[in-house]
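Reading the structure
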Amino acid sequence: MNIPVNLGERSYEVVVEAGARRQLAGLVSRLAPEAQACCIITSERLLTEGWFDVDSGINQYTITVPDGEESKTIEVLGEVLEQLAEAKLSRKDLVISVGGGAVTDLAGFAAATYLRGISIIHIPTTLLAQVDAAIGGKTGINLAAGKNLAGAFHQPLAVLCDLEVTTTLPPEEIRSGLGEVAKCWLLEGKSSSEIISSTPQGFIELAVGLKARIVSGDERESGARALLNYGHTLAHAIEKLALAQGSPIRHGEAVAIGIRFAIRLASALGRVGDDEVKETDLVLAGFDLDFAIPTQFKTADLIQAMSHDKKAHHDLTFVLASREGFSVVSGIDREIVTRTLEEFRRDE
Ligand SMILES: NC(=O)c1ccc[n+]([C@@H]2O[C@H](COP(=O)([O-])OP(=O)(O)OC[C@H]3O[C@@H](n4cnc5c(N)ncnc54)[C@H](O)[C@@H]3O)[C@@H](O)[C@H]2O)c1
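The rules behind the values
Residues numbered from 1 in each chain as written. Predicted model: local features only at pLDDT ≥ 70, side-chain atom pairs only at ≥ 80, totals over all residues. Heavy atoms only, no water. Helix = DSSP H or I, 4+ residues; strand = E, 2+ residues; numbered from the N terminus. Rg over C-alpha atoms; globule rule 2.2 N^0.38 Å. Buried < 20%, exposed > 50% of the residue type's maximum accessible area, 1.4 Å probe, protein only. Contact = heavy atoms within 4.5 Å. Areas by Shrake-Rupley, 256 points an atom, 1.4 Å probe, with all protein chains shown as cover. Lys, Arg positive; Asp, Glu negative; His and termini not counted. Charge placed at Lys NZ, Arg CZ, Asp CG, Glu CD. Near = heavy atom within 4 Å. Polar contact = N/O pair within 3.5 Å; in protein donor to acceptor, adjacent residues only side chain to side chain. Phe/Tyr/Trp six-rings, centres within 6.5 Å; stacked < 30°, edge-to-face > 60°. Axes fitted to C-alpha atoms, helices over the stretch in contact; angles between N-to-C directions. Parallel < 35°, antiparallel > 145°, perpendicular 65-115°, else oblique. Left-handed = near helix turned anticlockwise from the far one by under 90°. Nonpolar A, V, L, I, M, F, W, Y, C, P; charged D, E, K, R; others polar. Domains from an automatic or database assignment. Salt bridge = Lys/Arg side-chain N within 4 Å of Asp/Glu carboxyl O.

This next bit is on the overall build of the chain. When helices and strands are tallied, the chain shows 12 helices and 11 strands. Computed over the C-alpha atoms, the radius of gyration of the chain is 20 Å, within 12% of the 20 Å expected from 2.2 N^0.38 for a compact globule of 348 residues. Within the chain, the fraction of its 348 residues that count as buried is 54%. For the chain, long-range pairs separated by at least 24 residues make up 71% of all intrachain contacts whose partners lie at least 6 apart in sequence. Carbon and sulfur atoms provide 50% of the accessible area of the chain, an area that totals close to 15200 Å². Computed over 33 positive and 48 negative side-chain charges, the inter-centroid distance for the chain is 4 Å.

The next subject is the site of the ligand. Around the ligand, 26 residues are found, and the nearest of them are D67, K72, T125, T126 and T168. A distance of 3.1 Å separates an oxygen atom of the ligand from a polar side-chain atom of R45. Residue G101 places a main-chain N or O atom 2.8 Å away from an oxygen atom belonging to the ligand. Burial of the ligand by the surrounding chains reaches 90%, relative to a free accessible area of 870 Å². Looking at the shell around the ligand, the elements with two or more residues in it are α2 (44-47), α4 (101-113), α5 (127-133) and β8 (146-153).

All right, on to the packing of aromatic side chains then. Scanning the entire structure with this criterion turns up 7 aromatic pairs. Residues W185 and F203 carry aromatic rings whose centres are separated by 5.7 Å and whose planes lie at 75° to one another, so their mutual orientation is edge-to-face. Placement of the pair is W185 in helix α6 (residues 171-187) and F203 in helix α7 (residues 200-217), with a sequence separation of 18 residues. When its relative accessible area of 2% is taken as the criterion, W185 is described as buried. The interplanar angle of 65° and the centroid separation of 5.1 Å between the aromatic rings of F203 and F287 together place this pair among those described as edge-to-face.

It is worth spelling out the packing of helix α8 (residues 232-244) against helix α11 (residues 299-307) at this point. Taken N-terminus to C-terminus, the directions of α8 and α11 make an angle of 115°; their axes are 8 Å apart at the nearest point. The orientation of α8 with respect to α11, classified from their angle, is roughly perpendicular. α8 and α11 meet at a crossing whose hand is right-handed. Residues T233, L234, A237, I238 and L241 of α8 lie in contact with α11, whose contacting residues are D301, L302, A305 and M306. A per-class count over the contact of α8 with α11 returns 7 nonpolar, 1 polar and 1 charged.

Under the domain assignment, the chain is made up of domain 1 (2-168) and domain 2 (222-347). Look at where the C-alpha atoms of domain 1 and domain 2 centre, and you get two points 31 Å apart. Listed by partner, the interface residues are 8 residues for domain 1 and 4 residues for domain 2. Inspection of the region where domain 1 meets domain 2 yields 0 salt bridges. The leading source of residues in the side of domain 1 that touches domain 2 is β8, at 4 residues.

Moving on, we come to the side chain of R260. The residue R260 is located in helix α9 (residues 251-268) in this model. Separated by 2.8 Å, the side chain of R260 and the backbone oxygen of F291 make a polar contact. Not counting residues within four places of it along the chain, the set of residues in contact with R260 comprises D281, L284, D290, F291, A292, F344 and E348.

With respect to the helices, strands and loops of the structure, E239 is situated in helix α8. E239 sits 87 residues away from F326 along the chain, and the two C-alpha atoms are 23 Å apart. Among residues more than four places away in sequence, those in contact with E239 are I249, H251 and A254.

So, in structure tokens, the structure goes:
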């Protein structure tokens, strides 16, 4: 299936199908007909995968970066930019990212800044990157002060979500992507009983479709795009504390916990009833994501971390469900948040 992201002259399509990577050469000749060369940015580890047969149809150079989050640094960005210059890539040429969200974020930022911006096509290889990171044009790296603190909006020419490349993912990486899929499932108002009759392709298409629609209406997150942060206020706090303790938690797991908390907070605020809480738990269980808050984190530290969430504007802000739909709610009373968090932990 081809899913459009409608952004005027920066519109593009997300292709979701088995073998989508083989469409690359055709896309390059159609979308960048004057390109003579491209640089594929990927990690050393992925080069050894059996499916790594990326063919752009033009001269191609490969730049390898460290695996995972290690690549999202100012130093690696600098090295990548130098290598793009050494390859003498011109503004008519392009970058191809092949990797998880770390690679698509880094390569996207490199493409956004090299020669003040050249084109990029993403071939996301994790479920999380296919349903989230590669779509919507957010790119970036981490700073010592925090994750994703430097970056740019830079929309790709196309995104190829290939169901064959995700077959080599370890189970924890599948779970991580499923956290975002479950979030989209709930935002789309789908029920727990519908999960069983869907397919992996159906899950990806649903999540990509929602993100594409929301980004099309709000590219720079001034409105509806913020709804995609459902479950993320607590998730970011958990990820921050887990990282500080040297035992990082996968994003999807943190998002699943964040959603289970957000629906309880919505209930505590009288926005939904017990049925919605039960149904949300059933959806998350349906995706095998019925996680609880890890016991090593103190409630006070979680509250503190949530108040410093980059998107919280120094306030306790959550995306919350109500019977009329989802909305971003700011200025929520700390005591209610603390009490709900303690009850959630006690009941688990
Ligand atoms: N730009 C955005 O809108 C956006 C959205 C969500 C997340 N992100 C970013 O995405 C990053 C997380 O992405 P991620 O979860 O994909 O993690 P990741 O990129 O770190 O990849 C996780 C691991 O999976 C491996 N891997 C990748 N593809 C594989 C495959 N097909 N088979 C086997 N192993 C494979 C990688 O080598 C790595 O070890 C974070 O940095 C986050 O900030 C960005």
